[in-house]
Amino acid sequence: MHRITGRAGGDSLIEMSPTDSFNDDVNGYHQHVSSSTGSLQPEQSPSPLTPDVCVETCDSLNTSLASLAQSEHSDSPQHESETLERIEALTGLWRKRAQFLKFRSRIDKQQHSKDSVFFRDGVRRIDFVLSYLDDKDGERKQERRKMYEANLVNVGLELETEDKSESDDGKTYFVKIHAPWEVLATYADVLKIKVPFKVNDITDNGDMPMNWLSTPFRLPEHIMHPEPDYFTAPFDKSKSDFFLIDDKATFFAPSVRNRIVYYILSRCSYFKDECGVKDKKGIKRLLNNCTYTAAFPLHDCRYWTKAKDANCESERYHLHKHWARFFCFYKEQPLNLIRKYYGEKIGIYFAWLGFYTEMLLFAAIVGTLCFVYGFLTFDDNQWSKDICSAEIGGNIVMCPLCDKKCGYWKLNSTCNSSWQSHLFDNVGTVFFAIFMAIWVTLFLEFWKRRQARLEYEWDLVDFEEEQQQLQLRPEYETKCTNRKLNRITQEMELVLNRTPTDLMGKLLLCWATVTLWEMEPYLPITSKCARTCLSGATVLLWISLIIACIIGVIAYRLAVYAAFASIMKDNPTTNLQVVGPYITPQLATSVTASCINFVIIMILNLMYERVAVWITDMEIPKTHLEYENKLTVKMFLFQFVNYYSSCFYVAFFKGKFVGYPGNYAYMFGSTLRNEECDPGGCLIELTTQLVIVMTGKQVWGNIQEALVPWMMNWWGSRKARNHPESLYSRWEQDHDLQGFGQLGLFYEYLEMVIQFGFITLFVASFPLAPLLALINNIIEVRVDAWKLTTQFRRPVAAKAHSIGAWEEILNGMAVLSVVTNAFIVAFTSDMIPRLVYMYAYHPEGELNMKGYISNSLSSFNISVIPVENRPDDDENPSWFNSSIDTCRYRDYRYPSGHEKQYSHTMQFWHILAAKLAFIIIMEHVAFLVKFFVAWMIPDVPSDVRARVKRERYLVQEYLHNYEVEKLKIQLSQNVHEECNCSPMIYPCLPKHEVLSECL
């Protein structure tokens with residue numbers, strides 16, 4: 001369509017068709033047709049001219065305007081002055097008519113474009129949007145944009161530019177991109193996109209008994225299943241009539257369209273020689289050098305109301321109404337609609353997150369029951385009674401916990417901590433550790449089945465990761481200047497020998513396969529090794545930095561504990577009415593150290609995220625899959641050490657290398673004595689560490705994910721109120737926020753995997769961890785949905801048939817969790833020493849815990865303590881006097897005066913043997929159950945396997961019948977042409993209906 005544009009002051013564009021100059025609807029952009037080939041019917045002119053005059057006027061005006069044909073970029077500033085001069089050249093009725101149409105188009109265009117996803121002709125859909133700022137000094141940027149957009153037009157895309165006056169800031173231009181059918185069909189063939197060819201006729205017999213119980217949790221059917229189920233096959237442009245193409249304009253879903261357009265944008269050059277220049281291409285490079293400020297597909301409507309345009313979908317509105325609201329937390333997720341709108345990769349993430357949250361419900365219930373069991377058995381806790389007893393705990397004098405600044409203390413001062421420890425350190429702990437080992441296995445196995453079902457329902461069964469991901473990254477092609485012969489060159493040449501007959505097909509197919517057809521870029525082995533070594537050294541440096549920070553926190557614990565002990569020796573905290581009795585030097589040290597450690601963790605995370613992306617880019621991964629895998633490994637290794645190192649220290653190192661009075665071990669030969677466990681045991685300290693780090697991370701993450709976008713949205717709404725008539729307020733609101741792109745999805749996975757580690761690796765110390773994770777995930781699902789639907793730009797759709805490398809990481813953590821929980825129960829908990837005492841060392845042979853406290857403490861002669869290690873006189877409590885000649889400490893050693901004094905007793909070795917035996921038995925039982933459950937539960941459900949086989953059979957059969965019937969029709973047409981008679985096979989039906997009927 002030829003257009004004429006003009007601008008004067010704040011006036012908007014004028015568009016006039018040479019054949020429909022007086023068509024108000026066309027110039028007002030209200031015309032909608034059912035297909036791209038539909039005709040536009042002009043209305044009668046309101047001018048009171050006679051028919052003859054109208055005909056003469058129209059012909060004259062058409063003749064005058066026929067020479068004003070311009071390209072699709074007629075909205076750009078360089079055309080304004082020339083077009084304005086041509087309009088000013090019109091006189092009389094002609095000029096009045098042009099001014100009227102200019103005013104009319106300005107009003108109608110604003111009304112149409114505010115919520116429309118179409119070009120101003122109302123027919124061509126906007127598949128992608130590029131934005132850039134008015135930079136008068138950026139001549140190089142203007143030249144790059146000009147060449148880039150010209151190359152996009154050369155490969156078949158259609159562009160339309162909106163002037164900066166239509167934006168809120170008055171500086172932003174918007175370039176709208178539309179992919180016509182020819183481009184979509186060609187690239188759908190290249191990318192092997194699956195499309196429907198027949199409605200699925202396999203009946204679903206998956207109804208479960210008492211299905212009505214799940215009715216309150218269900219969504220409407222049209223939301224859960226937005227489109228019918230089809231049999232699909234990879235699109236073949238040469239067999240387009242084989243597929244169910246009712247309307248070419250809507251055949252490819254918007255998510256598929258924007259994925260194709262982004263594929264083109266990522267590989268299009270911004271220099272003249274498209275097939276010759278390899279280092280100047282791709283929209284990412286143009287975004288990095290600020291040639292464009294943003295590139296994104298549009299949402300289909302505003303999220304709070306349906307689209308006014310009947311030709312436009314309202315999927316975003318339905319997602320917000322049924323999914324992105326917190327009060328829908330108990331409802332199922334509309335996964336099919338998520339997949340249709342955002343693509344399979346984001347759909348798989350929310351499917352996994354929802355399934356993970358559902359499985360957490362069972363772990364949370366069992367963990368809560370174990371915690372309740374510990375609470376209900378409070379009164380049966382004999383060892384805590386002994387500690388709190390004035391006759392037992394009140395008469396036991398304990399050795400100082402640090403040198404000089406710590407005095408002697410009585411055991412009953414730890415009464416509260418011993419009761420708190422019983423909540424988590426009881427028989428239920430062992431049961432829950434074994435249960436979680438089985439739960440992890442069930443979770444992973446059932447997820448594989450759920451994933452297999454989604455692969456079938458979403459047409460990903462035959463999806464080959466290599467087919468999609470082995471496409472070279474544009475950055476790899478740009479930075480690798482060396483070339484070598486591609487091993488599959490001959491195959492590609494054979495493909496190119498079957499070139500399409502049309503010129504567009506030749507151009508697009510050549511452009512899509514040029515890197516494989518000529519020479520393959522590669523990175524020399526020396527450069528690759530150097531980059532890999534530098535990357536590995538950087539990761540090791542940062543992991544060493546984490547370990548150094550942990551050592552610093554340990555030193556803080558050792559140094560500050562003495563200060564807290566000195567301050568609290570007279571129990572000044574007892575003046576606090578509620579929490580005073582519970583505050584001890586050990587608790588104060590543990591809590592403050594955990595908080596400091598958490599702050600360090602978050603700071604290191606913020607710093608390392610940028611470093612990880614930088615070193616991954618530096619390695620120049622060849623494919624998208626390789627890039628994601630490299631980044632995943634780097635980030636997970638760092639996060640694993642960062643988040644879990646402090647928990648590993650408390651669980652497996654603290655209190656294990658202390659020594660005994662008179663021969664204490666010191667940290668690296670310094671004056672800081674190695675840290676002992678809390679008198680209530682190290683398990684309560686591990687619980688404290690886990691609670692602070694895990695809950696702190698979740699709270700901070702939710703604040704980042706919910707509060708920050710909300711504040712930005714509030715600011716965007718405030719700007720929108722200042723510009724209520726803004727034509728592109730919705731576009732610019734999306735433009736102001738970062739999108740939920742591939743890296744955003746990567747960090748969401750990483751956050752959940754770290755949480756998965758907390759509830760599996762150390763769950764024996766804190767049975768309520770699954771409950772906290774469940775509450776967090778219920779919020780997480782809706783917060784992510786709210787961000788994705790209302791706050792972020794619509795991300796580019798991407799395919800994925802699984803959660804990728806994260807699945808292997810989860811499997812590895814599941815195996816490691818069995819080991820860590822077994823060691824926690826054996827070495828961190830006091831469960832094994834208690835059982836050994838009850839069954840082997842009880843003096844009366846009874847199965848109870850009377851006398852356990854005294855049995856678990858060893859005696860030491862105070863007189864042999866070195867003077868430099870003795871506490872100062874003012875540090876000892878008032879009840880301490882010279883008549884006290886021994887103190888007690890936690891260990892199993894012979895007393896002073898024994899022939900083996902201060903060496904380990906036989907009970908110590910029995911307990912150690914029992915601990916090792918427990919670890920071996922628990923690990924073997926857990927692994928045996930794990931592998932048995934994995935063997936019993938197939939990865940692919942039997943009905944899905946049968947459906948896949950059935951679909952493959954039908955695809956082959958229908959393709960065979962299609963080719964046979966097509967051949968029959970061709971032979972019949974040839975015969976009838978030779979005998980000059982009309983065809984007899986379905987003479988009144990179009991060809992695609994003939995083929996469908998035959999099939």
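Residues numbered from 1 in each chain as written. Predicted model: local features only at pLDDT ≥ 70, side-chain atom pairs only at ≥ 80, totals over all residues. Heavy atoms only, no water.

Participant: Quick one: what's the story with the overall build of the protein, residue by residue and with numbers?
Facilitator: Of regular secondary structure, the protein possesses 33 helices and 14 strands. Taken across its 999 residues, the protein has 52% of its residues classed as buried. Counting contacts in the protein only where the partners sit at least 6 residues apart, residues at least 24 apart contribute 78% of the total. Summed over its atoms, the accessible surface of the protein is roughly 46800 Å², and 60% of this surface lies on carbon and sulfur atoms. (Helix = DSSP H or I, 4+ residues; strand = E, 2+ residues; numbered from the N terminus. Buried < 20%, exposed > 50% of the residue type's maximum accessible area, 1.4 Å probe, protein only. Contact = heavy atoms within 4.5 Å. Areas by Shrake-Rupley, 256 points an atom, 1.4 Å probe, with all protein chains shown as cover.)

Participant: Could you give an account of the UniProt feature "transmembrane region" (unreviewed entry) in the protein, with specific residues and numbers?
Facilitator: Annotation from UniProt places "transmembrane region" (unreviewed entry) at residues 349–376, 427–447, 539–567, 587–608, 756–779 and 916–937. Secondary structure content for residues 349–376 is 100% helix and 0% strand, while the C-alpha to C-alpha distance between its ends is 40 Å. End C-alpha atoms of residues 587–608 are separated by 31 Å, and the span's content is 100% helix alongside 0% strand. (UniProt positions renumbered as here; feature names shortened; annotations may be inferred.)

Participant: Can you explain a nonpolar patch on the surface? Please cite residues and give values.
Facilitator: Taken together, the side chains of F217, F326, F327, F329 and Y330 define a hydrophobic patch exposed on the protein surface, amounting to about 570 Å² of accessible area. With respect to the helices and strands, the residue F327 is situated in the loop between α11 (315–322) and α12 (335–342). (Patch = residues over 30% accessible without salt bridge, like charges linked within 9 Å, V, L, I, M, F, W, Y side chains within 5 Å. Salt bridge = Lys/Arg side-chain N within 4 Å of Asp/Glu carboxyl O.)

Participant: Please set out the sheet that holds strand β2 (residues 158–162) residue by residue, giving values where relevant.
Facilitator: Pairing within the open sheet is antiparallel, and its four strands lie in the order β2-β3-β1-β6. The open sheet has two free edges, formed respectively by β2 and β6 (294–296), since each of these has just one partner strand. When the angles between neighbouring strand axes are averaged without regard to direction, this sheet yields 20°. As defined by bridge partners, strand β1 (residues 128–133) adjoins β6 across three bridges and the pair is classed as antiparallel. (Pairing = 2+ DSSP bridges. Axes fitted to C-alpha atoms, helices over the stretch in contact; angles between N-to-C directions.)

Participant: Summarise helix α29 (residues 831–841); cite the residues concerned and give the values.
Facilitator: Restricting attention to buried positions, one finds in α29 the residues M831, I832, P833, R834, V836, Y837 and M838. For α29, the elements touching its buried residues are α14 (382–388), α16 (427–457), α28 (805–828), α30 (852–855) and α31 (906–936).

Participant: Give a description of the state of the cysteines that names residues and reports values.
Facilitator: Evaluation of the coordinates by the stated rule reveals two disulfides. There is a disulfide in this structure between C388 and C415, and the S-S distance comes to 1.8 Å. One quick way to see it: the torsion about the S-S bond of C388 and C415 is about 95°, and its sign makes the bridge right-handed. Of this pair, C388 sits in helix α14 while C415 sits in helix α15 (residues 415–424), placing them 27 residues apart in sequence. On the basis of relative accessibility, which here comes to 25%, the residue C388 falls in the partly exposed class. Assessed through its relative accessible area of 18%, C415 is described here as buried. (Disulfide = S-S within 2.5 Å.)

Participant: Account for the pattern of salt bridges, naming residues and giving values.
Facilitator: Evaluation of the coordinates by the stated rule reveals 31 salt bridges. Measuring nitrogen to oxygen at the nearest pair gives 2.5 Å for the salt bridge that ties R120 to E162. Note that R120 is positioned in the loop between α4 (92–113) and β1 and E162 in strand β2, a separation of 42 residues in sequence. Taking relative accessible area as the criterion, R120 reaches 0% and is therefore assigned buried. D127 serves as the salt-bridge partner of R257, at 2.6 Å between the closest nitrogen and oxygen. Linking R257 in helix α9 (residues 254–267) with D127 in the loop between α4 and β1, this pair joins segments that are 130 residues apart in sequence. Here the salt bridges do not stand alone but share partners, grouping R120, E160, E162 and K176 into one network.

Participant: Tell me what's going on with the side chain of R834, and back it up with residues and numbers.
Facilitator: Here R834 lies in helix α29. One polar contact links the side chain of R834 to the main-chain carbonyl oxygen of D425, over a distance of 3.4 Å. (Polar contact = N/O pair within 3.5 Å; in protein donor to acceptor, adjacent residues only side chain to side chain.)

Participant: Please give an account of the packing of aromatic side chains that cites residues and values.
Facilitator: Applying the stated criterion across every chain yields a total of 59 aromatic pairs. Centroid distance F371 to F424: 5.7 Å. Interplanar angle 40°. Geometry classified as tilted. One end of the pair, F371, is in helix α13 (residues 344–376); the other, F424, is in helix α15, and 53 residues separate them in sequence. For the ring pair F652 and F823, a centre distance of 6.3 Å and an interplane angle of 85° mean the geometry is edge-to-face. Placement of F652 in helix α23 (residues 624–652) and of F823 in helix α28 is noted, with a sequence separation of 171 residues between them. Accessibility expressed as a relative area gives 19% for F652, which makes it buried. Between R267 and the ring centre of Y263, over which it is positioned, the NZ or CZ distance is 4.2 Å. (Phe/Tyr/Trp six-rings, centres within 6.5 Å; stacked < 30°, edge-to-face > 60°. Lys NZ or Arg CZ within 6 Å of the ring centre and 35° of its normal.)

Participant: Pulling in residues and values, what's your account of unusual backbone geometry?
Facilitator: What is expected of a backbone is that most residues other than glycine have negative phi and most peptide bonds are trans. One non-glycine residue, I620, lies in positive phi territory at about 55°. Accessibility expressed as a relative area gives 7% for I620, which makes it buried. One non-glycine residue, Y902, lies in positive phi territory at about 65°. Considering the arrangement of structural elements, one finds Y902 in the loop between β14 (886–890) and α31.

Participant: Run through helix α27 (residues 769–791), naming residues and quoting values.
Facilitator: For α27, built from 23 residues, the straight-helix expectation of 33 Å at 1.5 Å per residue is met to within 8% by its first-to-last C-alpha distance of 31 Å. Counting buried residues in α27 gives 17 out of 23 residues, a clear majority hidden from the surface. (Expected span 1.5 Å × (residues − 1).)

Participant: Before we move on, could you go through the packing of α13 against α27 and cite the residues and values that matter?
Facilitator: Where α13 contacts α27, the axes come no closer than 7 Å and their chain directions differ by 155°. Judged on the interaxial angle alone, α27 and α13 are roughly antiparallel. Judged by the twist between their axes, the crossing of α13 over α27 is left-handed. Taken together, the residues of α27 that come into contact with α13 (itself represented by I346, Y349, F350, L353, Y356, T357, L360, L361, A363, A364 and T368) are P770, L771, A773, L774, N777, I778, E780, V781, D784, A785 and L788. For the contact of α13 with α27, the class distribution of residues is 17 nonpolar, three polar and two charged. (Parallel < 35°, antiparallel > 145°, perpendicular 65-115°, else oblique. Left-handed = near helix turned anticlockwise from the far one by under 90°. Nonpolar A, V, L, I, M, F, W, Y, C, P; charged D, E, K, R; others polar.)

Participant: Could you give an account of the side chain of E445, naming the residues involved and the relevant values?
Facilitator: Its place among the elements puts E445 in helix α16. Aside from chain neighbours lying at most four places away, what touches E445 is A934, I937 and D939.

Participant: Residue-level account of the nonpolar core, with values.
Facilitator: The biggest cluster of nonpolar side chains holds 135 residues, and the ones touching the most others in it are W323, W352, Y356, W439 and Y644. With 15 residues, α13 is the largest single contributor of residues to this core. Once residues within four sequence positions are removed from consideration, W352 is found in contact with F443, W447, Y749, M752, I803 and L810. Ranked by size, the runner-up nonpolar core spans 47 residues in total, among them Y148, I177, Y187 and L191. (Core = buried A, V, L, I, M, F, W, Y, C linked by side-chain atoms within 4.5 Å.)

Participant: Outline the confidence of the model for the protein, listing residues and values.
Facilitator: Of all residues in the protein, 71% attain a pLDDT of 70 or more, and the chain-wide mean is 75. Across residues 506–518, where pLDDT falls below 50, the model places 38 contacts with residues more than four positions away in sequence or in other chains. (pLDDT = per-residue confidence, 0-100.)

Participant: Mind laying out the environment of P895, listing which residues take part and the relevant values?
Facilitator: With respect to the element layout, P895 can be found in the loop between β14 and α31. Here the alpha-carbon distance between P895 and N861, two residues 34 residues apart in the chain, equals 8.2 Å. Every residue in contact with P895, bar those within four places of it in the chain, is listed here: S859, Q901 and Y902.

Participant: Give a description of the packing of α29 against α31 that names residues and reports values.
Facilitator: Between α29 and α31, whose axes approach to 10 Å, the crossing angle comes to 120°. In this view, α29 runs oblique relative to α31, as classed from their interaxial angle. Every pair of crossing elements has a handedness; the one defined by α29 and α31 is right-handed. Counted together, I832, P833, V836 and Y841 of α29 and M906, Q907, H910, I911, A914, K915 and F918 of α31 form the full contact between these two elements. Grouping the constituent residues of the contact of α29 with α31 by class yields eight nonpolar, two polar and one charged.

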